[in-house]
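Breakdown of the fold
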Amino acid sequence: LAQASFALLMSQSLGLTTHSPKHIRIPSALKASSLVDFSKYEGLGNDFILIDDRDKEAPSLTPEESEKLCNRNFGIGGDGVIFALKPPSDDYDFTMRIYNSDGSEPEMCGNGIRCFAQFLKDIGADAESYQVNTLAGRIIPVMNDDATITVDMGEPELIGANVPTTLEPNFEGDSVVEQTLECNGKTWKVSAVSMGNPHAVIFVDDLEKDIDFESDGPALEACPEFPAKTNVEFVQVLSDTHLKMKVWERGAGPTLACGTGTCALVIAAIRAGKIPAGNKVRVTLPGGDLFIEWNKDTDRKVYMCGPATFSFAGKAALK
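Procedures and definitions
- Residues numbered from 1 in each chain as written.
- Predicted model: local features only at pLDDT ≥ 70, side-chain atom pairs only at ≥ 80, totals over all residues.
- Heavy atoms only, no water.
- Helix = DSSP H or I, 4+ residues; strand = E, 2+ residues; numbered from the N terminus.
- Buried < 20%, exposed > 50% of the residue type's maximum accessible area, 1.4 Å probe, protein only.
- Contact = heavy atoms within 4.5 Å.
- Areas by Shrake-Rupley, 256 points an atom, 1.4 Å probe, with all protein chains shown as cover.
- Expected span 1.5 Å × (residues − 1).
- Pairing = 2+ DSSP bridges.
- Core = buried A, V, L, I, M, F, W, Y, C linked by side-chain atoms within 4.5 Å.
- Polar contact = N/O pair within 3.5 Å; in protein donor to acceptor, adjacent residues only side chain to side chain.

What the protein chain contains, in helices and strands, is four helices and 18 strands. In the protein chain, which comprises 319 residues, the share counted as buried stands at 51%. Counting contacts in the protein chain only where the partners sit at least 6 residues apart, residues at least 24 apart contribute 62% of the total. About 13,800 Å² of surface is accessible on the protein chain, with carbon and sulfur atoms providing 47% of the total.

As structure tokens, then:
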């Protein structure tokens, strides 16, 4: 990787003195065109680099440049780079695109969309809600008075072939619920759900004892039965309204939180009879809690509620 250096300008979370970007001293050898203004946000520890490209229709950085910025030793560090772009039409307020830390592009990111909304508010595009165009379709984050953000994540895709997975459908509507899968020398019971991006949900009795996370996660991500690869959620049921999970994200590996995965596992838990429908479900991730509701019998939409927090901002120079 080519090195990427950055100058830290602000850090509210650490309580440090803040400075304006114009006061930072940039080495004279660097051209202005090589500098990238960025802001850093996190949603339950799932951290992102935010770029203000509202005057553009496409990201100003390439996937390769984004991968370098996400490097935690030679760059800013992050699980992905998120771009705020022009909307495709008057039906939307903005477009969101994201590159993962490996340079791949996911359709959507649940924690990322909350960080995206908070970023828009902080840079002056303040609104009660936003109509956001994503590769997964229309997503609507709503800014709450308690500083959390509720996101209308839309309807899940449950038809197995559309997730996509080649696992044999074994449930109503050609869906896949706790279907047998051989992977990494083990037999798994996998439920397939798409929230605009694919998820393989696996229920276990004990998250600490029943899986080899560093081995099973990447093996399942690249399992050929998921032709577009997949996010992998390992889930432990604590009660009818409380689930605990670990996630191996497609293109990012282990992260502290995954918003779309949290939605997917609640849907999978209800469909597999692990928990009853109709409740707000608390999901505990390594980075904290998200709250999920699925209107299974009405509009079928999924709602996710959680925080998004500004960390720092600065200029980055790709070398």
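This paragraph deals with unusual backbone geometry. Residue Val163 is joined to Pro164 through a cis peptide bond whose omega torsion reads 0 degrees. The topology assignment puts Pro164 in the loop between β8 (149–152) and β9 (179–183). One non-glycine residue, Ala147, lies in positive phi territory at about 75 degrees. Inspection of the secondary structure assignment puts Ala147 in the loop between β7 (137–143) and β8.

Attention now goes to helix α4 (residues 259–271). Counted at 1.5 Å a residue, the expected span for α4 with its 13 residues is 18 Å, and the 19 Å between its end C-alpha atoms agrees. Within α4, 13 of the 13 residues are buried, which leaves the element mostly enclosed by the surrounding structure. Downstream of α4 by a residue or two, Gly273 has a phi angle that is positive, lying close to 75 degrees.

What follows covers the pairing of strand β17 (residues 302–306). Among the five residues in β17, four count as buried, and that is most of the element. Pairing geometry for β8 and β17, over four bridges, is antiparallel. Residue pairing in the sheet places Asp152 in a bridge with Tyr303 of β17. As judged from the four bridges shared by strand β16 (residues 288–294) and β17, these two strands associate in the antiparallel manner. For Phe291, the partnering residue across the bridge sits in β17 and is Cys305.

A few words now on the nonpolar core. Grouped together as the largest cluster of nonpolar side chains are 56 residues, with contacts concentrated most on Ile113, Phe116, Leu243 and Val283. Residue contributions to this core peak at eight residues, all from α4. When neighbours within four sequence positions are excluded, Leu243 is seen to be in contact with Val235, Gln236, Val237, Leu238, Leu265, Val266, Ala269, Ile275, Val281, Arg282, Val283 and Thr284. Counting residues in each nonpolar core, the second largest holds 20 residues, with Ala192, Leu207, Cys223 and Trp248 among its members.

What follows deals with the side chain of Ser191. Examined against the element boundaries, Ser191 turns out to sit in strand β10 (residues 186–194). By relative accessible area, which is 2% here, Ser191 ends up buried. Polar contacts involving the side chain of Ser191 include one to the main-chain amide nitrogen of Glu178, which spans 3.0 Å. With residues near it in sequence (within four places) discarded, Ser191 still touches Val176, Val177, Glu178, His199, Ala200, Val201 and Ala268.

Everything listed here is a matter of coordinates, which is why it stays silent on function.
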